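Listed below, chain by chain, are the residues.
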Amino acid sequence: MDNQIIKVKRLHKQFGNQKVLQGVDFSVNKGDVISIIGPSGCGKSTLLRCINLLEMPDAGEIIFDGKYLYKNERYFLKRDIREYKVGTPEYNELYNKIAKIRHEEHQIDKVVSKSLNEIRCHIGMVFQQFNLFPHLTVLENLTIAPVSLKKIKKTDAEERALELLKKVGLEEYANKYPSVLSGGQKQRVAIVRALAMKPDVMLFDEPTSALDPEMVGEVLAVMSDLAKSGMTMIVVTHEMEFAKSVSNRVVFMADGKILEDGMPEEIFSKPKSARLQDFLSKVL
């Protein structure tokens, strides 16, 4: 348990009438490299966005490094209380429990809302579309968050940014603007931008899906090196070879649920569910 950094319990998320996450249970240990695979629209990206609260779940729990980021049990209790008549002992017991939990959950919300920027400093995220500021140079893109959010000296932030750029082979682009970079170079800069905050966990939301095929390899190479360094990573990906060779765990999602979670050789060589067997037959 001491090694566990993320715990997700009974997570639900709905957009309108569409149930995107339906009771997801998921845990991450320090040093894990987890690839999340599955068909489009199955809730993979939504799960990532809920973990760092870019999307607010509807119910469940998210615990990061032993502290609640989100908790809503009332959703389940309110559903259960409908089964009883008002005034019965069972109804009254659940009603009192809901009142008690409401106070606890409001206290969690207050704490998290005050420290949300700090929380996100510990959970880096890399998106499909890079999200670099076009009016800032590469170096400025990398230093703006450490300076403004972590109050790091500009000279120290620039020194770390240049070290990271060197590691991904882009130090000569420090003073150039994103418009002159290729897609693969932009994504490498986006990875470095997240690393500049010294996060405990890195989330990757299909980081190669917007790239031309010849640029995919250079981004996956950076991610592989990052995994070897011991970084905890959760990667939503369609790159099955990366999931096989770099991950220590692979999670298969479909219809808003986790259907299988295991070592790569188990998932790819011995799939248990017909849903996973069908998915692999189409993507391998």
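Residues numbered from 1 in each chain as written. Predicted model: local features only at pLDDT ≥ 70, side-chain atom pairs only at ≥ 80, totals over all residues. Heavy atoms only, no water.

Enquirer: When you look at the sheet that holds strand E10 (residues 257-262) in this model, what are you seeing that I'm missing?
Expert: Pairing between the strands of a sheet comes from backbone hydrogen bonds, and it takes one of two forms, parallel or antiparallel. The sheet built from six strands is open, its strands ordered E6-E7-E8-E3-E9-E10 with mixed pairing. The two strands at the open ends of the sheet, each matched to only one other strand, are strand E6 (123-126) and E10. For this sheet, the mean inter-axis angle between neighbouring strands, taken without regard to orientation, is 20 degrees. Contacting E6 and strand E7 (201-205), helix H7 (residues 183-195) crosses the sheet at an angle of about 170 degrees to E6. Along the sheet, helix H11 (residues 274-283) makes contact with strand E3 (33-37), strand E9 (249-254) and E10, crossing E9 at roughly 100 degrees. (Pairing = 2+ DSSP bridges. Helix = DSSP H or I, 4+ residues; strand = E, 2+ residues; numbered from the N terminus. Axes fitted to C-alpha atoms, helices over the stretch in contact; angles between N-to-C directions. Contact = heavy atoms within 4.5 Å.)

Enquirer: Explanation requested: the pattern of salt bridges in the structure shown.
Expert: Any two side chains of opposite charge can pair, given that their charged atoms come close. Tallying each qualifying case throughout the model produces nine salt bridges. Two residues, glutamate 61 and lysine 9, come together in a salt bridge whose shortest N-O distance is 3.9 Å. Here lysine 9 lies in strand E1 (residues 4-15) and glutamate 61 lies in strand E4 (residues 59-64), a separation of 52 residues in the sequence. According to the relative accessible area criterion, glutamate 61 is buried, its value standing at 9%. Here aspartate 32 makes a salt bridge to arginine 249, at a shortest N to O gap of 3.2 Å. Note that aspartate 32 is positioned in the loop between strand E2 (18-29) and E3 and arginine 249 in strand E9, a separation of 217 residues in sequence. Note on arginine 249: relative accessible area 14%, which makes it buried. Salt bridges sharing partners connect three or more residues here, namely Asp32, Arg249 and Asp261. (Salt bridge = Lys/Arg side-chain N within 4 Å of Asp/Glu carboxyl O. Buried < 20%, exposed > 50% of the residue type's maximum accessible area, 1.4 Å probe, protein only.)

Enquirer: Is there a simple way to explain the environment of valine 112 in this structure?
Expert: For valine 112, the position within the fold is in helix H3 (residues 89-114). Between the C-alpha atoms of valine 112 and glutamate 93, which are 19 residues apart in sequence, the distance is 29 Å. Discounting residues that sit within four places of it in the chain, valine 112 has contacts with Leu53, Tyr68, Leu69 and Ile119.

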